[in-house]
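Coordinate inspection notes
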Amino acid sequence: MVRKRKSGKFATEIRDPFSKKRIWLGTFNTAEEASEVYQSKKLEFQEKLNKAKNANKKRLFLQNVNLGCLLVIHH
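Residues numbered from 1 in each chain as written. Predicted model: local features only at pLDDT ≥ 70, side-chain atom pairs only at ≥ 80, totals over all residues. Heavy atoms only, no water.

**A closer look at unusual backbone geometry**
Here K20, not a glycine, exhibits a phi torsion of approximately 65°, which is positive. Looking at the element boundaries, K20 is found in the loop between β2 (10-15) and β3 (22-28). (Helix = DSSP H or I, 4+ residues; strand = E, 2+ residues; numbered from the N terminus.)

**With respect to the pairing of β3**
With six bridges joining them, β2 and β3 adopt antiparallel strand pairing. By the bridge assignment, A11 is partnered in β3 with T27. Connecting β2 to the next strand, β3, in antiparallel fashion are six residues, including K20 with a positive phi near 65°. (Pairing = 2+ DSSP bridges.)

**Some thoughts on the sheet that holds β3**
Sheet strands line up and pair through hydrogen bonds in the backbone, either parallel or antiparallel. What the three strands build is an open sheet, ordered β1-β2-β3; its pairing is antiparallel. The sheet is open, and its two borders are formed by β1 (2-4) and β3, each paired with just one other strand. For this sheet the average axis-to-axis angle between neighbouring strands, irrespective of direction, equals 25°. (Axes fitted to C-alpha atoms, helices over the stretch in contact; angles between N-to-C directions.)

**Quick look at the pattern of salt bridges**
One pass over the structure, following the stated rule, counts four salt bridges. Put simply, E13 and R3 hold a salt bridge, and the shortest N to O gap is 3.4 Å. Here the residue E13 occupies a position in strand β2, and R3 occupies one in strand β1, the gap between them amounting to ten residues. Between E44 and K41 there is a salt bridge, with the nearest N and O atoms lying 3.3 Å from each other. Highlighted residues: E44 and K41, both in helix α1 (residues 31-74), separated by three residues, approximately one helical turn. Given a relative accessible area of 30%, E44 falls into the partly exposed group. You can call K41 partly exposed: its relative accessible area is 22%. Bridged by salt links that share partners, the residues R3, E13 and R22 form one connected network. (Salt bridge = Lys/Arg side-chain N within 4 Å of Asp/Glu carboxyl O. Buried < 20%, exposed > 50% of the residue type's maximum accessible area, 1.4 Å probe, protein only.)

Below, the structure written as C-alpha cells:
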C-alpha cells in the first residue's frame, strides 16, 4: 500500500503473506518510487508463494505415487 503523508512524501508498506505482519518499505519523494519498491516486494512474495505451492504439489504427487505403489504391492 502506498499513501501520501502530510509532508507530501509517499510511504509504503506491504503485508507478508507468510507471517501476516506488515513490513515497512520506506518513505519516498514520489509515488512512482514508492510504487516501484512495493511492486518489487510484491513480486518477491509471489515468487516465494509459487515455489511453496509447487513444492506442496510435488510433495502431494510423491505421496500419491508412494501410496499407489503400496496399493499395487498389497494386491
